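Structural overview
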Amino acid sequence: MLGSFAISLLVGTILGFLSGLGIGGGSLLILWLTMVLEFPHSTARGINLLFFLPTASIACYLRWRGNAIQFRKILPAILGGCLAAAALSRVGMLLDLELIKKLFGGLLILTGLRELLYRPRSKT
């Protein structure tokens, strides 16, 4: 039942919406794929990448059109992120899958706690 086309379409729509808001729909997608649909972690990561690329591209384009993004200012972060992703994906291939799962789970917990406890700084 949870793996039906209708449920998958609903979950994909909700996660796409969350990704567009910058909430982290891709992280939730990995949890859905591994815990509910019982996909192997490596397959879930590949699907997550395919999910992330179009949703992030659309969100970036729309925010660029709304003058919320200035590429000249963020270009160093983009290049650094791409280099780090390439290098660390190589490192990830050498690590034990159970360790990667634990590190990812810890990252999700820390990110969730940060979001729950975050307080904007006052502008005084």
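Let me sum up the structure you'll find in this document. Not measured: the values here are computed from a predicted model.

Here we take up the packing of helix α2 (residues 25–36) against helix α3 (residues 41–65). At a closest axis distance of 9 Å, the pairing of α2 and α3 adopts a crossing angle of 145 degrees. The interaxial crossing formed by α2 with α3 has right-handed handedness. Across the interface between the two elements, Gly25, Gly26, Leu29, Ile30, Leu33 and Thr34 from α2 touch His41, Ala44, Arg45, Ile47, Asn48 and Phe51 from α3. Split by residue class, the contact of α2 with α3 holds six nonpolar, five polar and one charged.

Time to look at the packing of helix α1 (residues 5–21) against α3. Contact geometry of α1 with α3 gives a least axis separation of 9 Å together with a crossing angle of 45 degrees. Considered as vectors, α1 and α3 are oriented oblique to each other. When the axes of α1 and α3 are compared, the crossing they make is right-handed. Between α1 and α3, the contacting residues are Gly12, Leu15, Gly16, Ser19, Gly20 and Leu21 on the first element and Phe51, Thr55, Ala59 and Arg63 on the second. Within the contact of α1 with α3, the residues separate by chemical class into four nonpolar, five polar and one charged.

Let us now look at the nonpolar core. Across soluble globular proteins, nonpolar side chains show a tendency to be buried alongside one another. Ranked by size, the top nonpolar core spans eight residues in total: Val11, Leu15, Leu18, Leu29, Trp32, Leu33, Ala44 and Phe51. Contributing elements (two or more residues each) for this core: α1, α2 and α3. If we ignore the near neighbours within four places in the chain, the residues touching leucine 29 are Leu15, Ile47, Asn48 and Phe51.

The next subject is the pattern of salt bridges. Considering all chains together, one arrives at two salt bridges under this definition. Across the salt bridge formed by glutamate 98 and lysine 101, the nearest N and O atoms sit 3.7 Å from each other. In this pair, glutamate 98 and lysine 101 both sit in helix α5 (residues 97–117), three residues apart, roughly one turn of the helix. Among the residues examined, glutamate 98 registers a relative accessible area of 43% and is labelled partly exposed.

Conventions and cut-offs
- Residues numbered from 1 in each chain as written.
- Predicted model: local features only at pLDDT ≥ 70, side-chain atom pairs only at ≥ 80, totals over all residues.
- Heavy atoms only, no water.
- Axes fitted to C-alpha atoms, helices over the stretch in contact; angles between N-to-C directions.
- Helix = DSSP H or I, 4+ residues; strand = E, 2+ residues; numbered from the N terminus.
- Left-handed = near helix turned anticlockwise from the far one by under 90°.
- Contact = heavy atoms within 4.5 Å.
- Nonpolar A, V, L, I, M, F, W, Y, C, P; charged D, E, K, R; others polar.
- Parallel < 35°, antiparallel > 145°, perpendicular 65-115°, else oblique.
- Core = buried A, V, L, I, M, F, W, Y, C linked by side-chain atoms within 4.5 Å.
- Buried < 20%, exposed > 50% of the residue type's maximum accessible area, 1.4 Å probe, protein only.
- Salt bridge = Lys/Arg side-chain N within 4 Å of Asp/Glu carboxyl O.

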